[in-house]
Amino acid sequence: MASSILGNLWAAPHKFPLHSELKSQSRSQIRSSAARDSSVLSSNTAAVNGFSYVKEEEKTSVFGDVGNGHLNSSTKQKKEEEVFQEKLGPLWDDGYGSQSVKDYLDLANEMIKPDGGPPRWFSPISCGPPLRNAPVLLFLPGMDGLGLGLILHHKALGRAFEVWCLHIPVKDRTPFQALVKFVDETVRDQHSLSPKKPIYLVGDSFGGSLALAVAARNPTIDLVLVLANPATSFNRSQLQPLLPLLESLPDQLHFTVPYLLSFVMGEPVKMATVTIDSSLPPGTFLQQLSDNLTALLPRLSGLTDIIPKDTLLWKLKLLKSAAAYANSRLHAVRAQVLVLAGGKDNMLPSGDEAKRLERSIKNCKVRFFKDNGHTILMEDGVNLLTIIKGTGTYRQTRRHDYVTDFLPPSASEFKQAVENNRFYRYLTGSVMFSTLEDGKMVRGLGGIPNEGPVLLVGYHMLMGLELVPLVEEILKEKKILVRGVAHPALFSQLVEPESRESSFFDVLKIYGASPVSASNLFKLFASKSHVLLYPGGAREALHRKSEMYKLFWPDQPEFVRMAARFGATIVPFGVVGEDDLAELVLDYDDLMKIPILNDSIRKNNEEAAALRFRDETDGEVANQQLFFPGLLPKVPGRLYYLFGKPIETKGKREMLKDREKARQVYFQVKSEVEKNMAYLLKKRKEDPYRSVIDRTMYRVFSVPLDQVPTFEP
């Protein structure tokens, strides 16, 4: 039994699963390998319900140290994996864009050949070794049943999770309730092994209904559901009328069905652009798109083998029963749910269904992708791990921790952010100066220490206009991620976008922002992070018309004492240029005079008041009213940053007890920030390229944007 299972997939729903390297091995190679090892495996594995298990006492001697999709071959490799499992660095390779639908169809040809086995789990080798304490992620497939629907995301998800994929063979006819029981048993087994960890169920279409059904049966287990175009709306689907038509369709015409389904199920262009660099010149981009589409179309005939006529009829009936079963039990779902809906889903009314589920399930978020179709997980523009991170859905324990659960931005995420912010960077033409330890001012970020903990303390410009260039440039030049601490309201339902599309607030979480609190600051310093702090907070970023470049800092020097506790280096910085980008025409006082708006602003601030993290009853900083000001864009000028001379707190733990010494350092930092801004306001008048028009002309005839000259420091 073991060898027959391994002839198709290395499968083991256990803490240490076996794996199949489908990507680089042909089916015959896998079979021969399984046959060759069957004599050994038969004595060291146990087959239960179609699974092969490695006995705990034998797993190391037979297979080596088995991780999530990887077999160690040397001591050096083990050590490298241990380091990798411990921590991910900024700009790590998540592999997004290295796989495509073409790879899915090629691998499908190897997996659809019948082996007589029942549904089973497998873990792709391409997922790689996960981080330490990573939770389990169970992928529940759509109509195809192959379990390859996460192929674009294997490498990224494999770092954050122990990834298991459900494979339902083409000829299998297991009824829905039996599939529910099958997944349910796996969930309970995993919960008994790690009761303090969440279990993730990623359900694609049909798998979404399956995930909800399992969640309804396990209200006391900590489950996180990610549902991609869930098929709970099947009763309103355009596929309903197809059932009688397909039943009467002659077998010789069934070859046309895959082509019809391919256009109904997904967006071909979105599928074809996954592996194309969006920053390429238009001509090159279109040529690669044409090549990808040309390579994809001949492979669509393979869908006939993936979903033959009798299987398609069975799957449609399965979809119907799954939707009915899940919908009748939505009231029992207590899991954390994230729904991904494609705006161009031609198979299911996924947009409306996402809204319905959001209303029906208590702890449910929705992210809407207007340009994506039904096969959303295999289309461009949907990086699943990025979405999970951006919605604050990733966690390793029962409660989400913004510091310990944080996964740094990957290279592909940073590349996408740079692409998205390209126009803003062009308009602002940011210039950054820093101060070395000897007091010398230089262009660039050489004065910012490379080793943490470091605390960057500065002025919060109107609406945080300075944030994007600041974080982006430090990450680009120094490969250091600056972790911002922000108002807790930015992590609440108050900023949940009405459109339910990804927003700037999602990006904040992807880049490591966390609610400002003593405990979060403590953990960030303890992890030797570079931390970005604005003592003026929302009061400074949402200032009034006459308060430009004015600091609104509280009287408590708590951040200095916290920095001294960990010996952190404090870097004060100033930034100017908001008055060259936009004019503030409607501030808080103006908006509160408008009857239609003032009630809404007042209500939102009452809700935000409950989220405040410190005693702000005294001083102007207590007046942190949240609102969206009215801005009038200008012909852009330029943003200027000056990072002052680093202030060392190492060896000054006496400030923990001596508040007066802490206050002296606090006012020194504040004074440096003000001096830096005064210097920049004066010197920018000497910049011949302060205007975007002058910078554009210089760039056209001379150098790239980031090399446009400025004043001499």
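What counts and what doesn't
Residues numbered from 1 in each chain as written. Predicted model: local features only at pLDDT ≥ 70, side-chain atom pairs only at ≥ 80, totals over all residues. Heavy atoms only, no water. Helix = DSSP H or I, 4+ residues; strand = E, 2+ residues; numbered from the N terminus. Buried < 20%, exposed > 50% of the residue type's maximum accessible area, 1.4 Å probe, protein only. Contact = heavy atoms within 4.5 Å. Areas by Shrake-Rupley, 256 points an atom, 1.4 Å probe, with all protein chains shown as cover. pLDDT = per-residue confidence, 0-100. Patch = residues over 30% accessible without salt bridge, like charges linked within 9 Å, V, L, I, M, F, W, Y side chains within 5 Å. Salt bridge = Lys/Arg side-chain N within 4 Å of Asp/Glu carboxyl O. Axes fitted to C-alpha atoms, helices over the stretch in contact; angles between N-to-C directions. Parallel < 35°, antiparallel > 145°, perpendicular 65-115°, else oblique. Left-handed = near helix turned anticlockwise from the far one by under 90°. Core = buried A, V, L, I, M, F, W, Y, C linked by side-chain atoms within 4.5 Å. Phe/Tyr/Trp six-rings, centres within 6.5 Å; stacked < 30°, edge-to-face > 60°. Lys NZ or Arg CZ within 6 Å of the ring centre and 35° of its normal. Polar contact = N/O pair within 3.5 Å; in protein donor to acceptor, adjacent residues only side chain to side chain. Pairing = 2+ DSSP bridges. Right-handed = clockwise from strand over helix to strand, strands pointing away.

(A) Main features of the overall build of the protein. A count of helices and strands for the protein gives 27 helices and 21 strands. Out of the 713 residues in the protein, the part that is buried amounts to 56%. Across the protein, every contact between residues at least 6 apart in sequence was considered, and the portion connecting residues at least 24 apart equals 83%. Total accessible area computed for the protein in this model is approximately 30,600 Å², and 54% of it derives from carbon and sulfur atoms.

(B) Expanded view of the confidence of the model for the protein. When the pLDDT values of the protein are averaged, the result is 81; 78% of them are 70 or greater. A low-confidence stretch, residues 1–85 (pLDDT under 50), is modelled with 152 contacts involving residues beyond four sequence positions or located in other chains.

(C) How the structure looks around the environment of Pro497. Looking at where Pro497 falls in the secondary structure, it is placed in the loop between strand 14 (482–486) and helix 20 (504–510). In this structure Pro497 comes out as buried when scored by relative accessible area, which is 13%. Excluding residues that lie within four positions of it along the chain, Pro497 makes contacts with Arg367 and Ser503.

(D) Just a nonpolar patch on the surface, in detail. Judged by side-chain polarity, Val635, Ile693, Met697, Val700 and Phe701 come together as a nonpolar surface patch covering roughly 560 Å² of accessible area. Note that Val700 resides in helix 27 (residues 692–701). The class for Val700 is exposed, based on a relative accessible area of 58%.

(E) Looking closely at the packing of helix 21 (residues 518–526) against helix 23 (residues 558–566). Look at helix 21 against helix 23: their axes get within 10 Å of each other, and the N-to-C directions meet at 30 degrees. Between helix 21 and helix 23, the interaxial angle falls into the category roughly parallel. Both helix 21 and helix 23 take part in a crossing whose hand is right-handed. In this structure, helix 21 contributes Ala518, Leu521, Phe522, Phe525 and Ala526 to the contact, and helix 23 contributes Met562, Ala563, Arg565 and Phe566.

(F) Examining the nonpolar core more closely. The biggest cluster of nonpolar side chains holds 98 residues, and the ones touching the most others in it are Phe161, Leu210 and Leu225. Other than its neighbours up to four places away in sequence, Leu225 contacts Leu201, Ala211, Leu212, Ala215, Ala335, Gln336, Val337 and Leu338. Counting residues in each nonpolar core, the second largest holds 65 residues, with Leu445, Ile480, Leu521 and Leu533 among its members.

(G) The packing of aromatic side chains, seen in detail. As enumerated under the stated definition, the model contains 20 aromatic pairs in all. With a centroid separation of 5.3 Å and an interplanar angle of 35 degrees, the aromatic rings of Phe573 and Phe643 are classed as tilted. Of this pair, Phe573 sits in strand 17 (residues 569–576) while Phe643 sits in strand 20 (residues 640–643), and the two are 70 residues apart along the sequence. Take Phe573 and Phe643: they sit in the same class, and that class is buried. Each residue in the set Trp553, Phe559, Tyr666 and Phe667 is aromatic and connected to the rest through ring pairs, giving one cluster. One cation-aromatic arrangement involves Arg329 over Tyr325; the distance from NZ or CZ to the ring centre is 3.7 Å.

(H) Structural detail: the environment of Arg684. Mapped onto the elements, Arg684 comes out in the loop between helix 26 (659–683) and helix 27. Judged by relative accessible area, Arg684 falls into the buried class, the value being 7%. With sequence-adjacent residues up to four places away left out, Arg684 is seen in contact with Tyr549, Val576, Gly577, Asp579, Asp580, Tyr640, Arg690 and Phe711. Separated by 2.7 Å, the side chains of Arg684 and Asp579 make a polar contact.

(I) Molecular detail of the pairing of strand 6 (residues 162–167). The buried fraction of strand 6 is high, at 6 of 6 residues. Burial along strand 6 is two-sided: the residues Glu162, Trp164 and Leu166 and Val163, Cys165 and His167 are all buried. Summarising the sheet, strand 4 (residues 120–124) and strand 6 pair through 3 bridges and their orientation is antiparallel. If you follow Arg120 over to strand 6, its bridge partner there is His167. The pairing of strand 5 (residues 136–140) with strand 6 spans 4 bridges and is classified as parallel. Bridge assignment links Leu137 to a residue of strand 6, and that residue is Val163. Once you follow strand 5 into helix 6 (residues 154–160) and on to strand 6, the crossover reads as right-handed.

(J) A look at unusual backbone geometry. In this structure, Pro453 follows Gly452 across a cis peptide bond, with omega equal to 5 degrees. Considering the arrangement of structural elements, one finds Pro453 in the loop between strand 12 (441–443) and strand 13 (454–458). For Asn229, which is not glycine, the phi dihedral falls at a positive 45 degrees. Positionally, Asn229 belongs in the loop between strand 8 (223–228) and helix 9 (242–248). Take Asn229: its relative accessible area is 0%, and that puts it in the buried class. You will see that Met463, though not glycine, has its phi angle at about 60 degrees, which is positive. Examined against the element boundaries, Met463 turns out to sit in the loop between strand 13 and helix 19 (467–478). A residue is classified by how much of its surface remains accessible, and Met463, at 35% relative accessible area, is partly exposed.

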